[in-house]
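In case you want the letters, here they are:
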Amino acid sequence: MKKLIYLLIIALLSMVATEQLTAKPKSRRRAKAKTHVVAKKKKQKTRRRSAAKSRAKARPAVVAPQPLFSDGDGNPYLQCEDTCGHVHGIDLSHYQGQVFWETVGQHTKMAYVYLKATEGSDRIDSYFERNIDLAHRYGLKVGSYHFFRPKSDLERQLRNFMAQCLPGEQDLIPMIDVETTGNLPTAQFCDSLAKFLRMVEVAYRQKPLVYTYRNFYNKHLVGKLDDYQLMIAMYTDEAPVLADGRDYTLWQYSAKGRIVGVSGYVDKSRFMGSHSLRDIRYRH
């Protein structure tokens, strides 16, 4: 009996040993197989990376967009003030909408701005209050202008303008925008304008600047404004010459100017000859 038990034990031990011997090669094969797969994957990743690098080298280099002022070719913002030594400025009204004055203030070529305040006897520019506050805040020299309506009551026009154009807010003398006769005969129109200009002069204790077009001046105003400084509008490459050959202070040379901070077109002007901001400074 004991012998039989010993034989069974020996047989069982032999079976266990056989299983272990046969199992080791399997695990080794699996380990080798795993190692082969990992190595294959690494080779594939390396090949993909190499291919990607080759494709990247083959692609043209991506060039970052250049700043707006880096190139003048076809640049709508590169205009007269960038190529000359004159003192330039702009005039604005509600037509330009919301202006980014911080940006305008950083554009140092613009030294001054005239803002539309009023028109006729009762119209107030809807952006005037905002514009004058921010234009001052960002460092521009500011003046205000009134669009003259020859047939409107002169006293009411003056009151309308004075309610907006406050002396304490002005760096520049008031400007009167004269563009229409209101269908009045020239003599009657000139009489109305002369009276209004004198009223403005008395109210502000200094003569206003008069804005008009060259052709309008030559047709209606020759010899009528000798005591007043002028801003003359004419949108050509050469400065305008008035019919009487008189001197003028400012030339508005463009109605389609561009400036960073204003989304649409803007009127641009510059001083003529030896004239400067000193000539139109508001005397407080």
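Calculation notes
- Within any chain, residue numbers begin from 1 and follow the written order of that chain's sequence.
- Totals for whole chains, interfaces and linings use all residues, but because this is a predicted model, local features are given only for residues with pLDDT of at least 70 and pairs of side-chain atoms are given and counted only at 80 or more.
- Processing note: side-chain calculations cover all non-hydrogen atoms of the structure and skip hydrogens and water entirely.
- For helices the rule is a DSSP run of H or I covering at least 4 residues; for strands it is a run of E covering at least 2, with both sets numbered from the N terminus onward.
- Exposure classes here rest on a 1.4 Å probe applied to the protein chains alone. A residue is buried below 20% of its type maximum, exposed above 50%, and partly exposed in between.
- We call two residues in contact when some of their heavy atoms are within 4.5 Å.
- Only centres within 6.5 Å qualify two rings of Phe, Tyr or Trp (six-membered ring in Trp) as a pair; their planes then separate them into stacked at under 30 degrees, edge-to-face at over 60, and tilted for everything else.
- By definition here, a salt bridge exists when the distance from a side-chain nitrogen of Lys or Arg to a carboxyl oxygen of Asp or Glu is within 4 Å.
- Values of pLDDT, the confidence the predictor places in each residue, fall between 0 and 100.

**Comments concerning the side chain of Ser 192**
Consideration 1: Note on placement: Ser 192 falls in helix α5 (residues 186–204).
Consideration 2: Residue classification places Ser 192 among the buried residues on the basis of a relative accessible area of 10%.
Consideration 3: Those residues in contact with Ser 192 that sit more than four places away from it in its chain are Phe 148, Pro 150 and Leu 154.

**Some words on the environment of Leu 197**
Consideration 1: Looking at the element boundaries, Leu 197 is found in helix α5.
Consideration 2: As a C-alpha pair, Leu 197 and Leu 154 span 43 residues in sequence and 9.8 Å in three-dimensional space.
Consideration 3: For Leu 197, the contacting residues outside a window of four places in its chain are Ile 176, Pro 208, Val 210, Leu 225 and Tyr 228.

**Some words on the packing of aromatic side chains**
Consideration 1: Applying the stated rule across the entire model yields seven aromatic pairs.
Consideration 2: Ring centres of Tyr 112 and Phe 271 lie 5.4 Å apart, and the angle between their planes is 65 degrees; on these two criteria the pair is classed as edge-to-face. You can see Tyr 112 sitting in strand β2 (residues 110–119) and its partner Phe 271 sitting in strand β9 (residues 266–271), a full 159 residues away along the chain.
Consideration 3: Tyr 112 gets classed as buried once you look at its relative accessible area, which sits at 0%.

**Things to note about the pattern of salt bridges**
Consideration 1: If you walk through the whole model with that rule in mind, you get six salt bridges.
Consideration 2: Salt-bridge contacts for Glu 119 lead to Lys 116; the nearest nitrogen and oxygen are separated by 2.6 Å.
Consideration 3: The class of Glu 119 is buried, set by a relative accessible area of 9%.
Consideration 4: Three or more residues are tied together by salt bridges with common partners; here these are Lys 116, Glu 119, Arg 123 and Arg 149.

**Describing the confidence of the model for the chain**
Consideration 1: Of all residues in the chain, 70% attain a pLDDT of 70 or more, and the chain-wide mean is 82.
Consideration 2: Predicted confidence is poor over residues 21–34, with pLDDT under 50, and the contacts of this stretch with residues over four places away or in other chains come to zero contacts.
Consideration 3: Here residues 55–74 scores under 50 on pLDDT; set against residues more than four positions off or in separate chains, the count is eight contacts.

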